[in-house]
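# An overview of the molecular structure
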Amino acid sequence: IDRLHRASVRLPRFHGDPTCSPTRAALMTGRYSTRTGVWHTVMGRNMPRPEERMMPQLFADNGYATAIFGKWHLGDNFPFRPQDRGFQEVLIHGGGGVGQIPDYWGNDYVDDTYLHNARPQKFTGYCTDVFFGEATRFIEAHRHQPFFVYLPTNAPHAPYRVPAEWSAPYKSQVGGDAELATFYGMIANIDHNVGRLRRRLDELGLADNTLLIFMTDNGTARGATFTDNRGNDGKLV
């Protein structure tokens, strides 16, 4: 991600909403989130009005293959599902995070069952690896046509879970705070997958003809008391 940052056009005055669904609604529609009917994450406040025109619909109408892999959190039922909003391939967990009430019972980040085109399907591996792996497969299958891939991971959202090999390098750096080590391990796993995706785009000859946009929905998943977003000069980055 640091290499991507150094090679990218950066938007330092880009602002998101305080919670995730409003930011996602604004991203998908290009409109101020409250105008879409979304101002929170629960109790029906996370579902953009059905008449809102969304980015995947515009891409699909213009010949793009469209897909989402990961977290949607803009409605779990018709007519709010991603497949109702222009996505042609859909692989998502339910609700706002893996293991939440709308999600498939028993999901815990590893070897979970996700909704693949509206049908439950069992996958092997850690959630972030699965979502990036399936997104890469989709890109490979559609590399000869325009494509739009939305890849919103649920990590590093709580609950904090990651295979031990990812958290182990951080345990000695955080004073025995196992939860913080796990949080950093989840971020390291995302970083690894971003690198894998970029390499594959390059191998497929797509790197110079693909816009890769990396962003977060509402900043750190735990707040400034849990992790520090400031650079060495003390300024927020």
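Residues numbered from 1 in each chain as written. Predicted model: local features only at pLDDT ≥ 70, side-chain atom pairs only at ≥ 80, totals over all residues. Heavy atoms only, no water.

As a further point, take the environment of Thr66. Mapped onto the secondary structure, Thr66 falls in strand S1 (residues 65–70). The contact partners of Thr66, leaving out residues within four places of it in the chain, are Pro56, Phe59, Ala60, Gly86, Phe87, Gln88, Glu89, Phe138 and Phe148. (Helix = DSSP H or I, 4+ residues; strand = E, 2+ residues; numbered from the N terminus. Contact = heavy atoms within 4.5 Å.)

With mixed pairing, five strands are arranged side by side in an open sheet as S4-S3-S2-S1-S5. Both edges of this open sheet fall to strand S4 (119–122) and strand S5 (147–150), since each of them pairs with a single strand only. Across this sheet, the average inter-strand angle for adjacent strands is 20 degrees, counted without regard to direction. Here S1 runs beside S5; their pairing, made up of four bridges, is parallel. Of the residues in S5, the one forming a bridge with Ile68 is Tyr150. Here helix H4 (residues 127–141) sits on the sheet in contact with S1, strand S2 (89–92), strand S3 (113–116) and S5, set at roughly 170 degrees to S1. (Pairing = 2+ DSSP bridges. Axes fitted to C-alpha atoms, helices over the stretch in contact; angles between N-to-C directions.)

This next bit is on a nonpolar patch on the surface. A grouping of Val9, Leu11, Phe14, Leu27, Leu211, Ile213 and Met215 is seen on the molecular surface, where their side chains present a nonpolar patch of about 800 Å² in accessible area. Along the chain, Val9 turns up in the loop between helix H1 (2–7) and helix H2 (20–29). Relative accessible area serves as the criterion here: at 79%, Val9 is assigned to the exposed category. (Patch = residues over 30% accessible without salt bridge, like charges linked within 9 Å, V, L, I, M, F, W, Y side chains within 5 Å. Areas by Shrake-Rupley, 256 points an atom, 1.4 Å probe, with all protein chains shown as cover. Salt bridge = Lys/Arg side-chain N within 4 Å of Asp/Glu carboxyl O. Buried < 20%, exposed > 50% of the residue type's maximum accessible area, 1.4 Å probe, protein only.)

Scanning all chains against the criterion turns up zero disulfides. The thiol of Cys20 is not disulfide-bonded; the next cysteine sulfur, from Cys127, is found 15 Å away. Judged by relative accessible area, which is 0%, Cys127 ranks as buried. (Disulfide = S-S within 2.5 Å.)

Bringing the nonpolar core into the picture now. Core analysis: the biggest nonpolar cluster contains 32 residues, and Phe69, Leu91, Tyr114, Tyr126, Phe131, Ile139 and Met186 have the highest contact counts within it. At the level of secondary structure, the elements contributing two or more residues to this core comprise S1, H4 and helix H6 (178–203). With eight residues, the top contributor of residues to this core is H6. Not counting residues within four places of it along the chain, the set of residues in contact with Phe131 comprises Phe69, Gly70, Leu91, His93, Tyr114, Leu151 and Asn154. Ranked by size, the runner-up nonpolar core spans twelve residues in total, among them Val38, Ile68, Val90 and Ile92. (Core = buried A, V, L, I, M, F, W, Y, C linked by side-chain atoms within 4.5 Å.)

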